[in-house]
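As a plain string of letters, each chain reads:
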Amino acid sequence: MGEKLQQLKTGGFERRWSLAKASIVAGTRFATASASTMFSDEATREIKRRKSLAEQAEYLVGEMGKLKGSIVKIGQMMALYGEHFLPEEVTRAFHQLNDQTVALDWSVISKHIKQELGDKRFNELVIDEEPLGAASLAQVHRARRKSDGTELVLKVQYPGVADAIDSDLALVSQMMRLARVVPQTREFEEWLEEVRSMMHREVNYPQEMETTRLFHKYLAGDERYIVPKVYPEYSTPRILAMSYEHGVPINSNAIMSLSQERRNKLAYASMEICCREMFEWGEMQTDPNFGNYLVRLGDGVNTPDKIILLDFGAVRDFPEDLMTLARALTKASVLRQREVLVSSMKGFGFFDEISQDTKQKLADLCLLAVEPFTELTDAPKDVLDEHGNYIWAKSNLHKRVLVQGAKSAATKEFSVPPKELMFISRKFIGAYTFMTVIDARIYAFDIIKPFLK
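Nothing here was measured: the structure is a model prediction, and the numbers come from that model.

Rules used throughout
Residues numbered from 1 in each chain as written. Predicted model: local features only at pLDDT ≥ 70, side-chain atom pairs only at ≥ 80, totals over all residues. Heavy atoms only, no water. Helix = DSSP H or I, 4+ residues; strand = E, 2+ residues; numbered from the N terminus. Expected span 1.5 Å × (residues − 1). Bend = angle between axes of the 7 residues up to and from the residue. Phe/Tyr/Trp six-rings, centres within 6.5 Å; stacked < 30°, edge-to-face > 60°. Lys NZ or Arg CZ within 6 Å of the ring centre and 35° of its normal. Salt bridge = Lys/Arg side-chain N within 4 Å of Asp/Glu carboxyl O. Buried < 20%, exposed > 50% of the residue type's maximum accessible area, 1.4 Å probe, protein only. Contact = heavy atoms within 4.5 Å. Pairing = 2+ DSSP bridges. Axes fitted to C-alpha atoms, helices over the stretch in contact; angles between N-to-C directions.

Trainee: Even after reading the chapter, I still don't get helix H11 (residues 260-281), so can you show me in this structure?
Mentor: Three or four residues apart is the spacing at which side chains of an α-helix point the same way, because the helix has 3.6 residues per turn. Given a rise of 1.5 Å per residue, 22 residues ought to cover 32 Å, and the 30 Å separating the end C-alpha atoms of H11 matches this to within 8%. Of all bends in H11, the biggest is about 25 degrees, found at Cys 275. Directly beyond the C-terminal end of H11, a positive phi value near 70 degrees is found at Gly 282.

Set out below in structure tokens:
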């Protein structure tokens, strides 16, 4: 993995000074650029304003990337969810924060592992010095237990990142305000609190260990899925030890070379988990990126292809009243019951405060978003194959939903959309991208129908 870091700066004066300086520079540049267009026509002013905003956002993100740690993860969360309420130029810049960061050198990380596990447990393992991967909060090492050859992976949290979350979030928030790239609203403050909560959940390894065990129990006995086994004897508040599970990435050539039938079976299995999360478990993987899944290939005859579920740090449970609402909206949307759908939009502030007209436009959005799960009677004919299956790669559904959302008056009534809607939106986008990438062609109404009773 090339050059390694000898230490990770996770706090202190230097960190605060770097971001304060960057935000002041960006804010001053933005103000100067705005002043220089004072006598231009409105169209020219807007073009120059957006260009300047993009430049300042990219500059800020570059400065954040140098600091690594939780700063980078916060930026990535802004990229994922900020597209709902931040200027496009800002989210585009945040997307440049690459999670494949430089790893900590073995001489540093090995001392940390040894301190966490203690000499006895550390010496029971042979740990690969080269990490399997390095991200903003942790890096992963493959290991083998000497006594019986058991293969493990150790997810090792970087020293100090958990303690730096609150101060780093305050720094990023202050930086974005000084640089004038965020809305100054109460809703944005609430969203920052949600980011704080997500960050603390990401570094809570005991909780992730329990969630991994829970999903292991949920899916036990179903040969379509693999959930890693947790090894508590090698786990600590900063190390999560699990079984090593070999597989290939979802977007690899190995998957695309499978027959349509085998890819469709993976699609059914993937979608069934989404339905069970919403209708049975009330717990949802809110970071459905490809890095959280692998596939263990079977032989296509006797041994099925299996989806390996990884990284349960972003799983969150939702209050029962919210899940009841989400289920009601989903059911009404799938069954095309517009009046039921609109009348179900109540009981939460974000629904009780919007107009009937906006509810109708939100209904349009819901009806479109669940199109693949319906009986497909009103789906565009060119997205169906000769067997009546939905062709995900041809549907262009993600873009159609975004266009519909942009037209919705809800974008004017919410300065920042409710976080719950953002999570569900993110879940949909992740699931739909999965289906599109593997070119799934399925009739998903058969999957969701049992859950609607």
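Trainee: What am I meant to see in the packing of aromatic side chains here?
Mentor: Pairs of aromatic rings are described using the distance from one ring centre to the other and the angle between the two planes. A full pass over the atoms with the stated rule returns nine aromatic pairs. Ring pairs connect the aromatic residues Phe 215, Tyr 218, Trp 281 and Phe 312, which therefore count as one cluster. The ring of Tyr 244 carries the charged tip of Arg 142 above its face, separated from the ring centre by 3.8 Å.

Trainee: Help me understand the pattern of salt bridges, please; the structure alone is not making it clear to me.
Mentor: Think of it this way: side chains of opposite charge can pair up when their charged atoms draw near. Taken as a whole and judged by the stated rule, the model has 25 salt bridges. One salt bridge in this structure joins Asp 311 and Lys 155, with 3.5 Å as the shortest N-O distance. With a gap of 156 residues between them, Asp 311 in the loop between strand S10 (306-309) and strand S11 (315-317) and Lys 155 in strand S4 (residues 151-157) connect regions that are remote in the sequence. A relative accessible area of 14% places Lys 155 in the buried class. Between Glu 194 and Arg 316 there is a salt bridge, with its nearest N and O atoms 2.4 Å apart. Linking Glu 194 in helix H8 (residues 186-202) with Arg 316 in strand S11, this pair joins segments that are 122 residues apart in sequence. By relative accessible area, Arg 316 is classed as buried at 11%. Each of Arg 145, Asp 148 and Glu 233 takes part in salt bridges that share partners, so that together they form one network.

Trainee: Quick question: what am I supposed to make of the side chain of Glu 277 here?
Mentor: Tracing the sequence through the fold places Glu 277 in helix H11. Contact partners of Glu 277, with chain neighbours within four places excluded, come to Phe 215, Gly 282, Glu 283, Met 284, Gln 285, Met 323 and Lys 427.

Trainee: What should I look at first to understand the pairing of S4 in this one?
Mentor: Side-chain direction in a regular strand flips from residue to residue, so the side chains alternate between the two faces of the sheet. Of all the seven residues making up S4, six are buried; the element is thus mostly covered by neighbouring parts of the structure. In this sheet, S4 lies alongside strand S3 (residues 138-145) in antiparallel orientation, the contact comprising seven bridges. The partner of Val 140 across the bridge, within S4, is Lys 155. The sheet contact formed by S4 and strand S6 (residues 239-243) spans five bridges and is antiparallel. In the strand pairing of S6, Lys 155 is matched with Leu 240.

Trainee: Quick question: what am I supposed to make of the pairing of S3 here?
Mentor: Pairing between strand S1 (residues 125-127) and S3: three bridges, direction antiparallel. Directly across from Leu 125, in S3, lies its bridge partner Arg 145. Relative to S3, strand S2 (residues 133-134) runs antiparallel, the two being bridged by two bridges. Bridge pairing in S3 links Ala 134 to Gln 139. In this structure, the hairpin formed by S3 and S4 is closed by a connection of five residues, where Gly 149 is found at a positive phi of approximately 80 degrees.

Trainee: What am I meant to see in the sheet that holds strand S5 (residues 225-226) here?
Mentor: Across a sheet, strands are paired by hydrogen bonds formed along the backbone, either parallel or antiparallel in direction. The strand order across the open sheet built from four strands is S5-S10-S9-S7, with neighbouring strands paired in mixed fashion. In this open sheet, the two edge strands, each paired with only one partner strand, are S5 and strand S7 (248-249). Both strand S9 (residues 293-296) and S10 contribute to a ladder of four bridges, which runs antiparallel. What sits directly across from Tyr 293, in S10, is Leu 309. The strands touched by H11 are S5, S9 and S10; relative to S10, the strand with the most contacts, the crossing angle is about 40 degrees.

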